[in-house]
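Fold and contact review
Below, each chain spelled out in residue letters.
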Amino acid sequence: MTRTAFFISDGTGITAESLGRSLLAQFENVEMRMLTKPYIDSVDKARRLVEIIEATAVKDGNTPIIIDTIVDEDVRAVIRNAPGFQVDIFSTFLEPLEQELATHSSYSVGRTHAIGSDDVYMDRIHSVHFALDNDDGARTHQYDKADIILVGVSRCGKTPTSLYLALQFGIRAANYPLTEDDQDDNGSLKLPGVLAKHRHKLFGLTIDPRRLAAIRHERRPNSRYSSMDQCVQEVAEAEALYRRMHIPYIDTTRFSVEEISTRMIAETGINRRFSPR
C-alpha cells in the first residue's frame with residue numbers, strides 16, 4: 001500500500017527532503033511516493049498545497065506524511081490544517097536548542113543553503129571548475145594542484161564522485177581513466193608516468209564487472225567495450241594494479257556517490273575546505 005510523503009519548505013526544500021528521505025529510508029517495507037514542495041512562502045500557496053494534500057489523502061486512502069521546514073508562522077498555521085502525520089523539523093529541534101542556548105533563533109528562511117561566505121562560495125565554484133577541467137585525464141599537467149586523483153576503468157563512477165567532492169566539500173578532484181593504452185609489453189596494466197609522480201594522491205575505484213557491463217551496454221550496446229569478457233579483464237587488471245602499487249581503492253557497486261566520497265575522505269584523511277550543504 002502506497003503512502004505519500006510531502007517535503008515542504010518556504011525555501012529550497014533541500015533540508016526537508018534530505019532529512020525526510022533519510023528517515024523514510026528506514027522503512028523498507030513501505031512503498032513511498034515522495035513529493036518535494038519548495039518555496040511555499042505565502043498563505044495562498046499554503047492553502048493551495050493543503051488542497052493537494054487533502055486530495056492525495058482521499059486518492060490514497062491513507063494519511064500522507066508531511067515533513068516541513070516552514071519558518072513563517074502564518075504559513076505553518078495553514079499547513080497544520082492539512083490532513084496528515086506532520087513532522088515540523090524546526091519546532092522539533094529549534095525550540096529545545098533555544099532553551100539550551102538561552103536565546104532565540106533567527107527563524108530566517110533559506111539560511112542553510114544561502115551563499116554565505118564569499119570565500120566559501122568561490123572555493124566551491126573553483127573546485128567544480130577544476131573537476132570539469134580535469135575530467136577523464138583531460139589536463140594531466142594540473143595534477144600538482146589536485147587534492148586527490150581518482151583512477152579506474154571507464155564508467156566506474158569517477159566523474160560523479162569528482163564532482164560531488166568538489167560541490168559538497170570544495171575538494172579539487174581530478175580523474176584519470178585506466179585503459180589498454182596503459183598496458184606494458186606483457187599486457188599488464190601499468191601506472192602511467194603522469195600518475196607515478198602523484199602516486200600519493202591516487203585513489204582507485206572498482207566495480208562489479210556485471211554492473212559495469214550493464215552500464216556500458218546503455219552507452220555502446222553489443223560492443224567489445226560493453227562485453228562481459230572485456231569488463232572482467234579490465235576490472236581484474238585495475239584491481240591488480242591497485243594492490244601492486246599499494247593504491248587505496250573502494251568498490252563502488254553498492255555505494256551511492258555520497259557514501260563513496262565520505263568513505264574516501266575518511267580513509268585518506270584529506271581536508272575538506274568546507275562542510276556539505
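Throughout what follows, the structure given in this document is the object of discussion. Source: prediction; values computed, not measured. (Residues numbered from 1 in each chain as written. Predicted model: local features only at pLDDT ≥ 70, side-chain atom pairs only at ≥ 80, totals over all residues. Heavy atoms only, no water.)

A word on the overall build of the protein chain
Note the threshold: Only DSSP runs of H or I reaching four residues or more are called helices, and only runs of E reaching two or more are called strands; each is numbered from the N terminus. Using a 1.4 Å probe on the protein chains alone, a residue whose accessible area is under 20% of its type maximum counts as buried, one over 50% counts as exposed, and one in between counts as partly exposed. We get accessible surface area from the Shrake-Rupley algorithm with a probe of 1.4 Å; when it comes to residues, only the shown protein chains can shield them. Under the convention used here, Asp and Glu are negative, Lys and Arg are positive, and both His and the chain ends fall outside the count. Where a charge sits is defined by one atom per residue type, namely NZ (Lys), CZ (Arg), CG (Asp) or CD (Glu).
Assigned secondary structure in the protein chain consists of ten helices and eight strands. For the protein chain, the C-alpha atoms occupy an extent of roughly 75 × 45 × 30 Å along the three principal directions. Taken across its 277 residues, the protein chain has 39% of its residues classed as buried. Here the protein chain has roughly 15400 Å² of accessible surface; of this, 50% comes from carbon and sulfur atoms. Across the protein chain, the centroid of the 34 positively charged side chains sits 4 Å from that of the 40 negatively charged ones.

Thoughts on the sheet that holds strand β3 (residues 65-68)
The test is simple: In this analysis, strands are considered paired if DSSP registers two or more bridges between them. For every element, the axis is a line fit to its C-alpha atoms; helices are fit only across the contacting stretch, and the angle between N-to-C directions ranges from 0 to 180 degrees. Residue contacts follow a heavy-atom distance rule, with two residues in contact if any of their heavy atoms lie within 4.5 Å.
In space, the four strands of this open sheet follow the order β2-β1-β3-β4, with parallel pairing throughout. Looking at strand neighbours, the two that pair on one side only are β2 (31-37) and β4 (85-88), the edges of this open sheet. Strand-to-strand, the axes of this sheet are offset by a mean angle of 15°, without reference to chain direction. As judged from the four bridges shared by strand β1 (residues 2-8) and β3, these two strands associate in the parallel manner. In the strand pairing of β3, Ala5 is matched with Ile65. Packed on one face of the sheet, helix α1 (residues 14-24) meets β1, β2 and β3 and runs near 150° to β1. This element, helix α4 (residues 89-101), spans β3 and β4 of the sheet and lies at about 40° to β4.

A short note on the sheet that holds strand β6 (residues 173-177)
Judged by pairing direction, the sheet is parallel, and its four strands sit side by side in the order β6-β5-β7-β8 without closing on themselves. In the strand order of this sheet, the two ends are held by β6 and β8 (249-251), each with one partner. The mean angle between the axes of side-by-side strands here comes to 25°, regardless of whether they run parallel or antiparallel. Relative to strand β7 (residues 202-206), strand β5 (residues 148-152) runs parallel, the two being bridged by three bridges. Paired with Val151 across the strands is Gly204, a residue of β7. Across the sheet, helix α6 (residues 158-169) is in contact with β5, β6 and β7; its angle to β6 comes to roughly 175°.

Points about the pattern of salt bridges
Operational definition: Salt bridges are defined by distance alone: a side-chain nitrogen of Lys or Arg within 4 Å of a carboxyl oxygen of Asp or Glu.
Scanning all chains against the criterion turns up eleven salt bridges. One salt bridge in this structure joins Arg21 and Glu17, with 2.9 Å as the shortest N-O distance. One end of the pair is Arg21 and the other is Glu17, both in helix α1 and four residues apart, which spans about a single turn. The class of Arg21 is partly exposed, set by a relative accessible area of 37%. Of the residues examined, Glu17 reaches a relative accessible area of 25% and is grouped as partly exposed. In this structure, the salt-bridge partner of Lys45 is Asp41, at a minimum N-O distance of 3.0 Å. Sharing partners across several salt bridges, the network here consists of Glu73, Arg76, Arg80 and Asp88.

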